[in-house]
Amino acid sequence: MGTDLHELLRSLRVWDPEVTELRAFDPAAAPAEPLPLFARWLAEAAAAGEREPHTMTLATAGEDGLPDARIVMLHGADAHGWSFATHATSDKGRQLAARPYAALTFYWPTLGRQVRVRGPVGVAPAEAARADLRMRSTGALAAALTGRQSEVLGSVEELARASEAAWERARRDPATPSPTWTLYRLRPETVEFFQGDERRRHVRLRYRRDAGDWVAELLWP
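Rules and cut-offs
Residues numbered from 1 in each chain as written. Predicted model: local features only at pLDDT ≥ 70, side-chain atom pairs only at ≥ 80, totals over all residues. Heavy atoms only, no water. Helix = DSSP H or I, 4+ residues; strand = E, 2+ residues; numbered from the N terminus. Buried < 20%, exposed > 50% of the residue type's maximum accessible area, 1.4 Å probe, protein only. Contact = heavy atoms within 4.5 Å. Areas by Shrake-Rupley, 256 points an atom, 1.4 Å probe, with all protein chains shown as cover. Lys, Arg positive; Asp, Glu negative; His and termini not counted. Charge placed at Lys NZ, Arg CZ, Asp CG, Glu CD. Salt bridge = Lys/Arg side-chain N within 4 Å of Asp/Glu carboxyl O. Core = buried A, V, L, I, M, F, W, Y, C linked by side-chain atoms within 4.5 Å. Axes fitted to C-alpha atoms, helices over the stretch in contact; angles between N-to-C directions. Parallel < 35°, antiparallel > 145°, perpendicular 65-115°, else oblique. Left-handed = near helix turned anticlockwise from the far one by under 90°. Nonpolar A, V, L, I, M, F, W, Y, C, P; charged D, E, K, R; others polar. Pairing = 2+ DSSP bridges. Polar contact = N/O pair within 3.5 Å; in protein donor to acceptor, adjacent residues only side chain to side chain.

Caption draft 1: The overall build of the protein chain, seen in detail. Each helix and strand in the protein chain was counted, giving six helices and 10 strands. Per-residue burial for the protein chain yields a buried fraction of 35% across its 221 residues. Considering only intrachain contacts with a sequence separation of at least 6, the fraction spanning at least 24 residues in the protein chain is 64%. Element-wise, carbon and sulfur atoms account for 53% of the exposed surface of the protein chain, whose accessible area totals about 13,200 Å². Charge separation in the protein chain, taken as the distance between the mean sites of 29 positive and 30 negative side-chain charges, equals 2 Å.

Caption draft 2: Geometry of the pattern of salt bridges. Following the criterion strictly, the structure yields 16 salt bridges and no others. Salt-bridge contacts for glutamate 151 lead to arginine 148; the nearest nitrogen and oxygen are separated by 3.0 Å. Take glutamate 151: its relative accessible area is 47%, and that puts it in the partly exposed class. Notably, a salt bridge pairs glutamate 217 with arginine 208, separated by 2.8 Å at the nearest N-O pair. If you follow the salt bridges from partner to partner, you end up with Glu21, Arg23, Arg40, Glu44 and Arg113 in one network.

Caption draft 3: Highlighting the nonpolar core. Formed by 28 residues in total, the largest nonpolar core has its most connected members in Phe106 and Val115. Those elements that place two or more of their residues in this core are helix H2 (34-47), strand E1 (55-61), strand E4 (81-87), strand E5 (101-108), strand E6 (113-123), strand E7 (181-186), strand E8 (190-195) and strand E9 (203-210). Valine 115 has contacts with Phe38, Trp41, Leu104, Thr105, Phe106, Trp108, Val191, Glu192 and Phe193, leaving out every residue within four places of it along the chain. Among the nonpolar cores identified, the runner-up in size contains 12 residues, and Ala85, Ala124, Leu141 and Ala142 belong to it.

Caption draft 4: Local environment of the packing of helix H5 (residues 138-146) against helix H6 (residues 156-172). Between H5 and H6, the shortest axis-to-axis distance is 8 Å and the interhelical angle comes to 125 degrees. When the interaxial angle is binned, H5 and H6 end up oblique. The handedness of the crossing between H5 and H6 comes out as right-handed. Taken together, the residues of H6 that come into contact with H5 (itself represented by Thr138, Gly139, Leu141, Ala142, Leu145 and Thr146) are Leu159, Ala162, Ser163, Ala166, Trp167, Arg169, Ala170 and Arg171. Among the residues forming the contact of H5 with H6, the class breakdown is eight nonpolar, four polar and two charged.

Caption draft 5: Just the pairing of E1, in detail. In the sheet, E1 pairs with strand E2 (residues 67-73) via seven bridges, with the strands oriented antiparallel. Across the sheet, the residue bridging to leucine 58 is arginine 70, located in E2. The pairing of E1 with E5 spans three bridges and is antiparallel. Residue threonine 57 lies in a different strand from E5, and its bridge partner there is threonine 105.

Caption draft 6: Region of the structure containing the side chain of aspartate 132. Relative to the elements of secondary structure, aspartate 132 occurs in helix H4 (residues 126-134). Arginine 136 provides the closest opposite charge to the buried, unpaired aspartate 132, separated from it by 5.0 Å. At 3.3 Å, the side chain of aspartate 132 and the side chain of tryptophan 181 are in polar contact. When neighbours within four sequence positions are excluded, aspartate 132 is seen to be in contact with His75, Ala85, Trp181 and Leu183.

Caption draft 7: Looking closely at the pairing of E5. Going residue by residue along E5, you find Ala102, Leu104, Phe106 and Trp108 tucked away on one face and Tyr101, Ala103, Thr105 and Tyr107 left uncovered on the opposite face. Direction of pairing for E5 relative to E6: antiparallel, over a ladder of eight bridges. Considered in E6, the bridge of threonine 105 is made with arginine 116. Following E5, the chain reverses through four residues before pairing antiparallel with E6; glycine 112 in that reversal takes a positive phi of roughly 60 degrees.

What follows is the structure in structure tokens.
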């Protein structure tokens, strides 16, 4: 099994030219703030064929200080912060309550790009969370109404029963609230843009806050 795994790993190609386009990136032409560049890169990733360019890794740490990570969806990015949502009672919700700081990572292999964001996390007003949930699909609402995220599950049958009831409720009343559904906003302190290069001369442009202003600097790859 171990040998098969290693052989598989050695056979895999990174940034296969048949499916990846490593574009030129001139950091000197980058905007003074990171958000406009992120919006452009996100749009370019979608246009290049990334099926879910808005998905990202969310890394948190709990009271024990140990790291944890999972894939979530970006719900928005503006002057208020970079938004994502989950149940306050979930693992990530409890970890953010204990240590309200997180890191986000986007990876778009079709362009050899990634974006890394770090900063403190705050909770958006309850009305913003309700509005966020109302904009989502029936399935997303049903999942939110099923609740009990990260708790131990007794059986798949138990999940099926709870999910069916939640789907019925979501169809019957699309405005049904989920009390624990919470919209979080990460206020970035650093945002790094990484553009891969076929000769491994990767371009890394980091924005960091300094006394309220953004400072842009290059990093060695």
